[in-house]
Amino acid sequence: MKLFLIFAFTLCLYAGHGEKHERHINKDLTYLELTQEQTEDFKKILKKYYHEIQEFREFQESINAKKKALFLQDSLDTQALSILNRELYEKASQDETQILERMHKVLSPKQREAFVRYFEEWEVR
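Residues numbered from 1 in each chain as written. Predicted model: local features only at pLDDT ≥ 70, side-chain atom pairs only at ≥ 80, totals over all residues. Heavy atoms only, no water.

### Here we look at the overall build of the chain
Summing up its helical and strand segments, the chain has four helices and zero strands in all. Counted from the first residue to the last, the chain has its helices and strands arranged as α-α-α-α. Here the chain holds 125 residues, and the buried ones make up 22% of them. For the chain, long-range pairs separated by at least 24 residues make up 72% of all intrachain contacts whose partners lie at least 6 apart in sequence. Surface exposure of the chain reaches about 9900 Å², of which carbon and sulfur atoms provide 56%. (Helix = DSSP H or I, 4+ residues; strand = E, 2+ residues; numbered from the N terminus. Buried < 20%, exposed > 50% of the residue type's maximum accessible area, 1.4 Å probe, protein only. Contact = heavy atoms within 4.5 Å. Areas by Shrake-Rupley, 256 points an atom, 1.4 Å probe, with all protein chains shown as cover.)

### Let's talk about the confidence of the model for the chain
Of the residues in the chain, 78% have a pLDDT of 70 or more, and the chain-wide mean is 83. Averaged pLDDT values over the elements of the chain bottom out at 47 in helix α1 (residues 2-15) and peak at 95 in helix α3 (residues 78-106). Within the model, the stretch residues 7-21 combines pLDDT values under 50 with one contact to residues more than four positions away or in other chains. (pLDDT = per-residue confidence, 0-100.)

### Considerations on the packing of aromatic side chains
Tallied over the entire structure, the rule returns two aromatic pairs. With a centroid separation of 5.0 Å and an interplanar angle of 70 degrees, the aromatic rings of tyrosine 31 and tyrosine 118 are classed as edge-to-face. On the criterion of sequence distance, the pair formed by tyrosine 31 in the loop between α1 and α2 (36-72) and tyrosine 118 in the segment after α4 (109-115) is long-range, its members being 87 residues apart. Owing to a relative accessible area of 24%, tyrosine 31 belongs among the partly exposed residues under this scheme. Owing to a relative accessible area of 11%, tyrosine 118 belongs among the buried residues under this scheme. (Phe/Tyr/Trp six-rings, centres within 6.5 Å; stacked < 30°, edge-to-face > 60°.)

### A few points about unusual backbone geometry
Note: most residues except glycine have negative phi, and most peptide bonds are trans. For glutamate 33, which is not glycine, the phi dihedral falls at a positive 50 degrees. Structurally, glutamate 33 can be placed in the loop between α1 and α2. Relative accessible area serves as the criterion here: at 67%, glutamate 33 is assigned to the exposed category.

### Observations regarding α2
Here α2 is 37 residues long and its end C-alpha atoms lie 53 Å apart, about the 54 Å a rise of 1.5 Å per residue gives. Buried positions along α2 lie against α3 and α4. (Expected span 1.5 Å × (residues − 1).)

### Considerations on a nonpolar patch on the surface
On the surface, Phe71, Leu72 and Leu76 cluster together into a nonpolar patch covering about 370 Å² of accessible area. Using a relative accessible area of 71% as the deciding quantity, one classes leucine 72 as exposed. (Patch = residues over 30% accessible without salt bridge, like charges linked within 9 Å, V, L, I, M, F, W, Y side chains within 5 Å. Salt bridge = Lys/Arg side-chain N within 4 Å of Asp/Glu carboxyl O.)

### A short note on the nonpolar core
Ranked by internal contacts, the top residues of the largest apolar core, which has 21 residues, are Leu29, Phe42, Ile99, Leu100, Met103, Phe115 and Trp122. Among the secondary structure elements, those contributing two or more residues to this core are α2 and α3. In terms of residues, this core owes the most to one element, α2, which gives eight residues. Among residues more than four places away in sequence, those in contact with phenylalanine 115 are Leu29, Tyr31, Leu32, Leu100, Met103, Leu107 and Trp122. (Core = buried A, V, L, I, M, F, W, Y, C linked by side-chain atoms within 4.5 Å.)

Quick look at the structure:
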């Protein structure tokens, strides 16, 4: 039994060695090796992105407050709740589309391939 456990543990240790292990900081773009011009463009894009994210968070708080108020009523208006959820989804989708469109215009095809590895970091939630 001990021999089996040692074998299983050793197998687990070596199972992941074929994969590339790297550390990645959330929303870090250094791996894209941007040119100076792209870096300047991305500074503008990211400044606008952070402003839009702040606006989205305020919008999200407002929607959540309305949803809580609906829930506290004697009967739950599911239609109104659905409308609020749809508004939130549509705003998130619109903001995400805009940021990705701006980034797409700046990145080369090769950089886009690298970018999609961390695509989920740029989802608006």
